[in-house]
Amino acid sequence: MNKPLVLVVEDDAAISNLITTTLAMQNYKYQAVQSGEAAVMAVASHNPEVMLLDLGLPDMDGVEVIKKVRSWSTIPIIVISARSEETDKIEALDAGADDYLTKPFSVEELLARLRVTFRRLSYSAGCEAETTIFENGDLRIDYASCCVYLKDTQLHLTPIEYKLLCLLAKNVGKVLTHSYITKEVWGSSWDNDVASLRVFMATLRKKIEKDPSAPQYIQTHVGIGYRMLRV
Ligand code: CA
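Asks: I'm lost on the packing of aromatic side chains in this one. Help?
Replies: Aromatic ring pairs are described here by two measures, namely the spacing of the ring centres and the angle between the planes. If you walk through the whole model with that rule in mind, you get two aromatic pairs. Measuring from centroid to centroid gives 5.6 Å for Tyr28 and Phe118, while their planes differ by 20 degrees, and the two rings are stacked. Of this pair, Tyr28 sits in the loop between helix H1 (13-25) and strand S2 (29-33) while Phe118 sits in helix H5 (residues 107-127), placing them 90 residues apart in sequence. Ring geometry for Trp186 versus Phe200: centroids 5.7 Å apart, planes at 45 degrees, classification tilted.

Right, dumping it as structure tokens:
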């Protein structure tokens, strides 16, 4: 099997070396670049499977790189940044990043995020022809009939709960920000919607999670948003 190509965008030589050494040890192929412009060019010319992106680059902000690349590419982008503010993470995710790691990070954590991303890629490749049923553990969504099942029991979801669940399922493995979710579900994004979102998420969890206080399917990213995990 061909090892996937990982594009590493990092201007700090020590961190870049740490990442590329880790990738090489795991038999990933990699290409390392030091600037935003080189990153955009590399995505266009080498078609990497995943991009690991630093936000503080010498020529442009990493968020600008995400916006440029997203105008034509769906490549998964994992941000690795020293910026730990929620607003920075939200900005990167809203621009189209798939995940983020805060520096300093552990290489095990980085490899775990990569595995999740590749698993999601292979799932979506395998699911292209079969889009009417979504399955994840005991959870099953039949899009054609708008029915949701847990094991073989049909769940009764409100229209908003159903919309929320479908949105998370469609983006399984990906962190979705509050503002992205509220925009998709309600068509707007007000603080008020974020409060409503919490309420709907709580009622949805009561229906799909065995233990809503220790959710298996929907993970909370405090202050940022939610992610459906592959179980
Ligand atoms: Ca940097």
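Next comes the rest of the account.
Asks: Would you mind going over the pattern of salt bridges with me for this structure?
Replies: Between side chains of opposite charge, a pair can form when the charged atoms approach closely. Taken as a whole, this structure holds ten salt bridges when the rule is applied. Residue Arg83 is joined to Asp61 by a salt bridge in which the shortest nitrogen-to-oxygen separation is 2.9 Å. Remark: Asp61 occurs in the loop between strand S3 (50-53) and helix H3 (62-70) and Arg83 occurs in the loop between strand S4 (77-81) and helix H4 (86-95); sequence separation between them is 22 residues. Classification of Asp61 as partly exposed rests on a relative accessible area of 30%. Put simply, Lys207 and Glu161 hold a salt bridge, and the shortest N to O gap is 2.7 Å. In this pair, Lys207 is assigned in helix H8 (residues 191-208) and Glu161 in helix H6 (residues 159-170), connecting sequence segments 46 residues apart. A residue is classified by how much of its surface remains accessible, and Lys207, at 28% relative accessible area, is partly exposed. With relative accessibility at 3%, the residue Glu161 sits in the buried group. Residues joined in a network through salt bridges with shared partners are Asp99, Glu109, Arg113 and Arg227.

Conventions used here
Numbering of residues starts from 1 in every chain and runs along the sequence as written. Confidence filtering applies because this is a predicted model: local features only for residues at pLDDT of at least 70, side-chain atom pairs given and counted only at 80 or more, and all residues used for totals across whole chains, interfaces and linings. The side-chain values count all of the structure's non-hydrogen atoms but skip hydrogen atoms and water molecules. Two rings from Phe, Tyr or Trp (for Trp, the six-membered ring) form a pair when their centres are within 6.5 Å of each other. A pair whose planes differ by under 30 degrees is stacked, one over 60 is edge-to-face, and the rest are tilted. Put simply, DSSP H or I for four residues or longer makes a helix, DSSP E for two residues or longer makes a strand, and each gets a number counted from the N terminus. Salt bridges, as used here, are contacts in which a Lys or Arg side-chain nitrogen is within 4 Å of a carboxyl oxygen on Asp or Glu. Each residue is placed in one exposure class: buried if its accessible area under a 1.4 Å probe, protein chains only, is under 20% of its type's maximum, exposed if it is over 50%, and partly exposed if it falls in between.

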